[in-house]
Amino acid sequence: MTQLDHGSSPMHGHGKAESSVVSDEERIGLTSQRAQELIAEWGYNELPVIEVSLWYVLFLQFTGTMPYMLELACVIALACSDYPDFGIILAMLCANGFLGFYEQLKAAESLAELTNKMEQKIAVLRDGKAEHLLTRLLVPGDVVLLLGGVQVPADIEWLEGDILSVDTAALTGEPLPRKYPSDEHGKLILCASTIRAGEAYGIVRKTGIHTEIGSTNVDIMKDKTEAKVSVFEERVLLAVKIIILISLLDVIVIFLVQGIAVGQFSSTGIYTNLLTCLSIIIAAIPIALPIIMQVTMALGAGKMARLYDSVVTSLPALQDISSMTVLCSDKTGTLTTARITIHAESVWCAGSFTKQDVALYSVLASNRDKKEDAIDRSVVGYFDRVFGAAGLAMTAEYTKVRNVGFNPIYKRVLYEYTHPKLGRIVIAKGLPNKVLDTADGGVDDAADQWKCKDFDLLRETVKKVDYDFSKAGYKTLGVSVKINDGPFRFVGILPMLDPPRHDTAKTIQNLVAAGIEVKMITGDHLNIAKETARLIGMGINIHPGESTREATQDRNELIKHANGFAQVLPKDKREVVLVLRNVFNQVCGMTGDGVNDAPALSAAQCGIAVDDATDAAKNAAAIILTAPGLSAIYSGVVESRRIFRKLKSY
């Protein structure tokens with residue numbers, strides 16, 4: 001890696017793309033001197049750490065309505081030489097203060113975990129030569145080499161090389177990788193994505209807090225530095241403030257009446273008057289209430305962890321889940337399994353072929369060892385469901401001769417086998433139109449070219465079946481087969497979808513019955529979101545995420561009445577939560593499992609990280625589920641309401 005030429009491109013079997021339109025000056029990368037200037041201008045490629053003094057945090061625990069009243073009572077008791085009362089009140093004040101300080105320390109630890117990450121390195125072109133530099137030293141204008149397995153450290157524009165297969169689940173929740181560059185997704189690869197396959201050069205465009213994911217993480221860190229007060233606690237404190245205000249007015253009246261009418265402003269009577277006022281003040285303040293609330297919630301949190309698979313990391317969230325009115329949920333990995341699966345009932349077969357034929361030929365064109373490949377894994381799973389244990393013996397009869405792997409230009413794979421009875425068999429699997437006619441959309445340079453038998457009769461039918469599946473939110477795979485010297489024959493189409501979890505529909509029913517509205521917020525495509533909503537019994541009034549980005553009253557009303565949003569960015573999820581919470585005064589819950597869910601999890605009164613969530617999601621959430629699916633949430637709602645019935649009775 002020395003200097004990028006227009007013709008240079010690392011090719012390893014992946015599709016080659018044209019070079020990006022970038023000036024020659026940008027292509028040669030930066031000098032070290034210019035990089036230092038840009039670091040001074042843009043800062044390091046990292047998230048800033050918000051420092052909060054522990055002494056200041058401790059001081060804040062002794063400010064507020066109830067602490068001020070207890071402190072006033074301490075002063076009066078001390079002035080009257082009532083040392084026993086002074087000691088008791090001071091102990092209560094310190095106990096409440098240190099309990100609050102402990103909660104703040106836990107929040108600070110979560111913040112530290114969020115910002116703590118391993119140092120990573122990447123190949124960068126500096127001073128005309130390649131260097132492996134820490135990713136925190138990247139600046140806009142750096143030219144970097146992106147390889148399979150690399151996590152994208154900044155917002156990077158593809159420059160030249162292979163067409164990259166990029167896992168964007170951290171940002172979009174999509175279970176299948178995207179191709180960059182492409183007409184659909186452009187050339188800008190966002191920070192926190194992962195390169196799955198290919199090698200290409202890219203130019204850094206944004207770093208640190210200026211990236212798409214970085215700007216949302218700044219919001220999370222700000223949330224972590226703020227004390228969380230639940231809706232229930234706010235209502236309790238409002239009632240306490242009213243009681244204390246009334247008692248203060250009562251004390252002033254009694255103090256004046258006793259002093260003026262009874263003559264207790266004398267040197268001897270003033271102490272009696274003050275003690276009377278002190279007694280009223282102390283009686284008016286529910287001194288034990290904070291401790292009772294903390295202990296009750298701590299016991300409840302322990303029970304939630306033991307019996308309901310819910311680890312509570314922020315006690316105010318335990319209060320809020322009991323009064324939650326709307327639950328915003330991510331789709332992939334939360335409502336669904338996050339594992340692309342063949343929808344067996346909908347498999348379409350061409351001509352005389354059967355579903356068993358489609359299962360057999362599709363698995364022969366797959367690799368059982370590629371467990372990380374979502375497509376092959378789903379095909380193997382479908383084959384195993386169709387044939388069971390006998391399937392392995394059936395495929396063992398076929399001897400592989402060769403295979404041509406997938407690349408985004410050909411849009412298909414090809415496997416050739418020999419069989420003791422059938423002879424030579426060639427199987428193609430890929431986009432239905434490309435395995436029906438390899439010249440569809442333009443002739444490519446692959447060695448194997450064909451047009452399936454009865455192409456003219458099948459073309460419109462296959463096109464319509466494929467369109468109907470796509471409209472319903474399914475990804476599709478076509479399969480064709482050639483036996484000996486015969487023509488290729490189209491076998492069928494496999495529809496794929498990330499299926500709902502087995503308990504999702506029932507849990508949503510229970511939540512709605514408990515008075516909690518459920519909204520789906522996903523980065524996946526709109527048609528996929530609607531089909532998933534239909535399968536789990538949710539409404540399909542789902543809108544694209546871009547409709548949430550312009551702050552208007554109509555936008556706010558749309559957020560309130562919609563059943564969900566699709567094709568959203570992390571900041572869109574957070575915006576939906578904030579509108580529901582701040583504009584409509586809803587007690588808002590949010591569930592999710594990915595980096596893309598973390599900003600919204602942090603903004604919600606009750607952020608819930610589901611089972612197998614990423615560390616970023618867990619650190620941003622207030623409740624962490626240890627069992628898959630949403631059923632633990634409903635159990636948590638029921639138990640938390642039981643806990644707070646006890647507090648209300650107090």
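In what follows, the structure referred to is the one given above.
Each value, and the rule that gives it
Residues numbered from 1 in each chain as written. Predicted model: local features only at pLDDT ≥ 70, side-chain atom pairs only at ≥ 80, totals over all residues. Heavy atoms only, no water. Helix = DSSP H or I, 4+ residues; strand = E, 2+ residues; numbered from the N terminus. Buried < 20%, exposed > 50% of the residue type's maximum accessible area, 1.4 Å probe, protein only. Contact = heavy atoms within 4.5 Å. Areas by Shrake-Rupley, 256 points an atom, 1.4 Å probe, with all protein chains shown as cover. Pairing = 2+ DSSP bridges. Axes fitted to C-alpha atoms, helices over the stretch in contact; angles between N-to-C directions. Expected span 1.5 Å × (residues − 1). Arc of directions from axis to C-beta. Polar contact = N/O pair within 3.5 Å; in protein donor to acceptor, adjacent residues only side chain to side chain. Parallel < 35°, antiparallel > 145°, perpendicular 65-115°, else oblique. Left-handed = near helix turned anticlockwise from the far one by under 90°. Nonpolar A, V, L, I, M, F, W, Y, C, P; charged D, E, K, R; others polar. Salt bridge = Lys/Arg side-chain N within 4 Å of Asp/Glu carboxyl O.

(A) The arrangement of the overall build of the protein chain in detail. When helices and strands are counted, the protein chain shows 24 helices and 25 strands. When each of the 650 residues of the protein chain is scored for burial, the buried share is 49%. Put simply, 67% of the contacts in the protein chain that link residues at least 6 apart link residues at least 24 apart. Accessible surface computed for the protein chain: about 29800 Å², of which carbon and sulfur atoms make up 57%.

(B) Quick look at the sheet that holds strand β6 (residues 164–167). The strand order across the open sheet built from 3 strands is β7-β6-β9, with neighbouring strands paired in antiparallel fashion. The outermost strands of the open sheet, each flanked by one partner alone, are β7 (178–180) and β9 (194–197). For this sheet the average axis-to-axis angle between neighbouring strands, irrespective of direction, equals 45°. Both β6 and β7 contribute to a ladder of 3 bridges, which runs antiparallel. Bridging from a neighbouring strand, V166 pairs with R178 of β7.

(C) Highlighting the pairing of strand β10 (residues 200–206). When you tally the buried positions in β10, you get 5 out of 7 residues, the bulk of the element. Alignment of strand β4 (residues 143–146) against β10, held across 4 bridges, turns out to be antiparallel. Looking at the pairing, L146 lines up with A200 of β10. One ladder, built from 6 bridges, connects strand β5 (residues 155–162) with β10; its direction is antiparallel. By the bridge assignment for β10, E157 is matched with I203.

(D) Highlighting helix α17 (residues 455–471). Over its 17 residues, α17 runs 23 Å from end to end, which matches the ideal 24 Å to within 8%, given 1.5 Å per residue. Those residues of α17 that sit buried are F455, L458, V462, V465 and F469. Buried residues of α17, seen end-on, are gathered within an arc of 100° and therefore sit on one face of the element. Away from its buried face, by an angle of more than 90 degrees, α17 presents the exposed residues D456, K463, K464, Y467 and K471. Residues of α17 that are buried make contact with β14 (348–349), α16 (432–436), β18 (475–483) and β19 (489–497). Following α17 by one or two positions, G473 has its phi on the positive side, about 100°.

(E) Seen up close, the environment of R549. You can see R549 is positioned in the loop between β21 (542–544) and α20 (553–561). Note: C-alpha distance between R549 and V568 (19 residues apart in sequence) is 9.8 Å. When residues no more than four places from it in sequence are discounted, the contact partners of R549 are Q567, L569 and D572. A distance of 2.7 Å separates a polar atom in the side chain of R549 from a polar atom in the side chain of D572.

(F) Representation of helix α14 (residues 374–387). In this model, α14 (14 residues) spans 20 Å end to end at C-alpha, consistent with the 20 Å of a helix rising 1.5 Å per residue. Within two residues after α14, G388 carries a phi angle of roughly 65°, on the positive side.

(G) Structural context of the packing of helix α13 (residues 355–364) against α14. Remark: α13 packs on α14, axes separated minimally by 9 Å, with the N-to-C direction vectors making an angle of 135°. Classified by the angle their axes make, α13 and α14 are oblique. Seen along the crossing, α13 lies across α14 with a hand that is left-handed. Along its contact with α13, which presents K355, Q356, A359, L360, S362 and V363, the element α14 presents V379, V380, Y382, F383, V386 and F387. Within the contact of α13 with α14, the residues separate by chemical class into 9 nonpolar, 2 polar and 1 charged.

(H) Quick peek at the environment of H502. By the secondary structure assignment, H502 is in the loop between β19 and α18 (504–513). Note: C-alpha distance between H502 and T336 (166 residues apart in sequence) is 8.7 Å.

(I) Spatial organisation of the pattern of salt bridges. As enumerated under the stated definition, the model contains 21 salt bridges in all. We note a salt bridge from D572 to R549, for which the minimum N-O separation is 2.7 Å. Note that D572 is positioned in helix α21 (residues 570–583) and R549 in the loop between β21 and α20, a separation of 23 residues in sequence. For D572, a relative accessible area of 2% puts it in the buried group.

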